[in-house]
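Chain and residue survey
Residue-level listing of the chains:
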Amino acid sequence: MGKKRNMAKLLWLLMFFSDIVPFSCEKSMRERAIELMQDARLIDGHNDFVLQLRILYQNKISGVNLRDLNRTHTNLAKLQAGYVGAQRSEQGRCSPDLRANRCCQEDVQQLRRAGACDDFPRSESSSKGIHNFYPSVIGLTAFGQEVVKEMNRLGMLIDLSHTSYSTVKAALNISKAPVIFSHSASFSVCNHSRNVPDDILQELKKNKGIIMVSFNADVLACGRKVVNISTLADHFDHIKEVAGSESIGIGGDYDGVQRFPEGLEDVSKYPSLIEELLRRGWNETELKGVLRENFLRVFREVENVRNNFAVMGIGESEILQETKHSCRLDLRKPQPQPSRSFGFPSVAQPFILTLVSCLMLYYVS
């Protein structure tokens, strides 16, 4: 009888303490986030680290400690702490007067000095608020339409961040392959011109493309002084509601802008976002998609479209004639010009072929 009483007391004590002290086997949200990212390391869709290296060191980085560099949001130690497996880093902010050979050679040289990478060309429209190459054109020129088709044939990613509403619509109507927005966010949450409205998000879902959400505080918060991890997570939640988690990736834009949400000051902080999304009820399958699987799916499908186009002939539309100016990277800060928001009718900037984009791979021990 005494043994039964003692057992009952023990069970009562266990139940009492289980309400006060969590069992050690129960993982914290932070632990779950880190374990998830160790299994599915992030592919970051947009990072300007290589551009910053060129601005700061003029292509001379043999003596630069890339592991502990403290002048940038990105270095190798921070990338390891942020569980970043790869990132797209781009070069080639040239004038519209396209003499690309010289510029490409310089940019590829810098990319290869910075780290191991697979480089591939990409197309981008001229930037809203920075350049207006063809202000009288709505959507894409005839040549721009041919560029989209040729990119499909070659297996090149089409990036629609920085493009206007009508350019996006035109590209989505033409492209047979999924497209990406490499660093944008939700227009419904913040009506910034970089961001994507809900009707385009629905078209993106049909296209099976992805929007890689930017961490740029100005794009996220529309002038609010306090911008934090919750502000960013609101964009993820809204895009998931409209287009599904399979349409989302991450494009931090580190070293491309100066202001980021509190708690996300550099690339080492990525686990804090995943922790917040877990807290909001995102499951691990959805988060693995956000971290890398959605981007890899798009990459594979772009290549599948290329393979299906293999039987087609090469496009022979006339290429725009070069002008007298050489193309060299312009490191001056661009002067902002008035631009219309995504939410209103706008004059689109047609596609141009920019120079090079790089998928940098980081091997973490």
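The structure contained in this document is the topic of the report that follows. Here the residue index of a chain counts from 1 through its sequence in written order. For this predicted model, a pLDDT threshold of at least 70 governs which residues receive local features, and a threshold of 80 or more governs which side-chain atom pairs are given and counted, while totals over whole chains, interfaces and linings are taken from all residues. Values reported for side chains reflect all heavy atoms of the structure, with hydrogen atoms and water molecules removed beforehand.

So, about the state of the cysteines. The criterion for a disulfide is a pair of cysteine sulfur atoms lying within 2.5 Å. If you walk through the whole model with that rule in mind, you get 1 disulfide. Bridging Cys190 to Cys222, the disulfide has an S-S length of 1.9 Å. Negative torsions about the S-S bond denote left-handed disulfides, and the value of about 110° found for Cys190 with Cys222 makes this one right-handed. Remark: Cys222 occurs in the loop between helix H9 (217-221) and helix H10 (229-243) and Cys190 occurs in the loop between strand S5 (180-184) and helix H8 (198-207); sequence separation between them is 32 residues. Numbering of helices and strands starts at the N terminus; helices are DSSP runs of H or I of at least 4 residues and strands are runs of E of at least 2.

Compared with the 18 Å implied by 1.5 Å per residue over 13 residues, the 19 Å span of helix H6 (residues 142-154) between its first and last C-alpha is a close match. In this scheme, a residue with accessible area under 20% of its type's maximum is buried, one over 50% is exposed, and one in between is partly exposed, where area comes from a 1.4 Å probe on protein chains only. Looking at H6, one finds that the buried residues are Gly144, Val147, Val148, Met151, Asn152 and Arg153. Following H6 by one or two positions, Gly155 has its phi on the positive side, about 80°. What a helix is expected to span follows from its residue count: subtract one and scale by 1.5 Å.

Moving on to the packing of helix H7 (residues 165-174) against H8. To define axes, lines are fitted to C-alpha atoms, for helices over the stretch in contact only, and angles between the resulting N-to-C directions are given on a 0 to 180 degree scale. At a minimum axis distance of 11 Å, the contact between H7 and H8 shows a crossing angle of 20°. Judged on the interaxial angle alone, H8 and H7 are roughly parallel. Crossing of H7 against H8: the hand is left-handed. Across the interface between the two elements, Tyr165, Val168, Lys169 and Leu172 of H7 pack against Asp199, Ile200, Glu203 and Asn207 of H8. In this count, Pro and Cys sit with the nonpolar residues alongside Ala, Val, Leu, Ile, Met, Phe, Trp and Tyr, while Asp, Glu, Lys and Arg are called charged and the others, Gly among them, polar. Considered class by class, the residues forming the contact of H7 with H8 number 4 nonpolar, 1 polar and 3 charged. Here the word oblique covers every angle except those under 35 degrees (roughly parallel), over 145 (roughly antiparallel) and from 65 to 115 (roughly perpendicular). What makes a crossing left-handed is the near helix being turned counterclockwise from the far one by less than a right angle; a clockwise turn instead makes it right-handed. Should any heavy atoms of two residues lie within 4.5 Å, those residues are considered in contact.

With that settled, consider the nonpolar core. Put simply, buried Ala, Val, Leu, Ile, Met, Phe, Trp, Tyr and Cys residues joined by side-chain atoms within 4.5 Å make one nonpolar core. Membership of the largest hydrophobic core comes to 58 residues, with the highest contact counts inside it found for Phe215, Phe236, Ile250 and Tyr270. Top element by residues in this core is H10. It accounts for 7 residues. What Tyr270 contacts, discounting residues up to four positions off in sequence, is Met37, Leu42, Asp44, Gly82, Val84, Phe215, Ile250, Gly252 and Tyr254.

It is a probe the size of a water molecule, rolled over the atoms, that shows where empty space is left. Throughout, the protein atoms alone are placed on a 1 Å grid, and a set of points is a cavity if a 1.4 Å probe fits but cannot get out or a pocket if it is open with protein on both sides within 12 Å along at least five of seven lines; lining residues have an atom within 4 Å of a point. Grid points are joined across faces, edges and corners, and a volume is the space filled by probe spheres set on the points. Applying the stated rule across the entire model yields 1 cavity of 30 Å³ or more. Estimated volume of the largest cavity: approximately 30 Å³. Around the largest cavity, the lining residues are Lys169, Leu172, Asn173 and Glu203. Broken down by element, the lining of the largest cavity gets its largest block of residues, 3 residues, from H7. A per-class count over the lining of the largest cavity returns 1 nonpolar, 1 polar and 2 charged.

Any functional reading would require information that these geometric values do not contain.
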